Amino acid sequence: MDKPIKLAILASGNGTNAQQISEYFANSKTVKVDLIIYNKRDAYVAKRAENLGIESRYFNRHDFLETDNVLNLLKERNIDYIILAGFLLLVPENLLSAFPNHIINIHPALLPKYGGKGMYGHHVHEAVVANHESETGITIHVIDHRYDCGTTLFQAYCKVLPIDTADDVAAKIHLLEKEFFPRVIESYILNRPMPTQHDK
Ligand code: GAR
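Treat the numbers as computed from the prediction; the structure is a model and nothing was measured.

### Here we look at the overall build of the chain
So, point 1. Broken down by element type, the chain carries seven helices and seven strands.
So, point 2. Taken from the N to the C terminus, the helices and strands of the chain come in the order β-α-β-α-β-α-α-β-α-β-α-β-β-α.
So, point 3. Rg of the C-alpha trace for the chain: 16 Å, near the compact-globule value of 16 Å for 200 residues, within the 12% margin.
So, point 4. Counting every atom, the chain has about 10,400 Å² of accessible surface; 49% of that belongs to carbon and sulfur.
So, point 5. Measuring between centres, the 21 positive side-chain charges of the chain sit 3 Å from its 24 negative side-chain charges.

### With respect to the packing of helix H1 (residues 16–24) against helix H7 (residues 166–189)
So, point 1. The N-to-C vectors of H1 and H7 enclose an angle of 45°; their axes lie 9 Å apart at closest approach. By the criterion of interaxial angle, the relationship of H1 to H7 is oblique. In the packing of H1 onto H7, the handedness of the crossing is right-handed. For the pair H1 and H7, the contacting residues are Thr16, Asn17, Gln20, Ile21 and Tyr24 in the first and His174, Glu177, Lys178, Phe181, Pro182, Arg183, Ile185 and Glu186 in the second.

### Digging into the sheet that holds strand S5 (residues 103–107)
So, point 1. On the basis of which strands lie adjacent, the open sheet formed by seven strands has the order S3-S2-S1-S4-S5-S6-S7 and mixed pairing. Each edge of the open sheet carries a strand with a single partner, namely strand S3 (56–58) and strand S7 (150–159). Looking at each pair of strands side by side, their axes are set apart by 20° on average, direction ignored.
So, point 2. Pairing of strand S4 (residues 81–84) with S5, which is carried by three bridges, proceeds in the parallel orientation. Bridge pairing in S5 places Ile83 opposite Ile104.

Here is what the cut-offs are and how they apply
Residues numbered from 1 in each chain as written. Predicted model: local features only at pLDDT ≥ 70, side-chain atom pairs only at ≥ 80, totals over all residues. Heavy atoms only, no water. Helix = DSSP H or I, 4+ residues; strand = E, 2+ residues; numbered from the N terminus. Rg over C-alpha atoms; globule rule 2.2 N^0.38 Å. Areas by Shrake-Rupley, 256 points an atom, 1.4 Å probe, with all protein chains shown as cover. Lys, Arg positive; Asp, Glu negative; His and termini not counted. Charge placed at Lys NZ, Arg CZ, Asp CG, Glu CD. Axes fitted to C-alpha atoms, helices over the stretch in contact; angles between N-to-C directions. Parallel < 35°, antiparallel > 145°, perpendicular 65-115°, else oblique. Left-handed = near helix turned anticlockwise from the far one by under 90°. Contact = heavy atoms within 4.5 Å. Pairing = 2+ DSSP bridges.

Pasting the structure below:
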């Protein structure tokens, strides 16, 4: 039988997406979450990895930006795709050139709106509410060397009501992420049709 396609998830914080992706593929014979890498010492994603029984490794900013330590580990483990699940460092050139079109990111907004440096996590939802947007959503894309740019694979939408707080928006976004991120990863790497959002 063919070997499974191996994913490494990179995360910086809580790790709900990392957990959802790992659980989605837990019984898959074709796709395996092999490793979770995090870049903040106290990131809760490390605890989630432990609970899931997935190996996790911490690398600091220096490791990522000034060395090949991360790249060497990914090569050693024969990783096929890198998944950015709330990873807040700009992906360095050595990883980009070793994994062309094989690094997938999720952003909690409808890019190109609310993207770029400093636009991440709750900052995005606060800006969406402050600008009285009537809708927002998620974007899943293949990355290039800029923050939140590259080829869009998928977007899903949700309504923003006038009474919604940034926390309310965050909750809606997390539901979209849970529903679609693992499925979009699967569709992309197995070359299958993307999911569609029915209840816009
Ligand atoms: C997610 O909402 C993800 O879309 C966002 O960070 C959150 C991480 O949550 N990513 C970005 O803002 C990237 N620019 P999690 O750690 O619970 O998965």
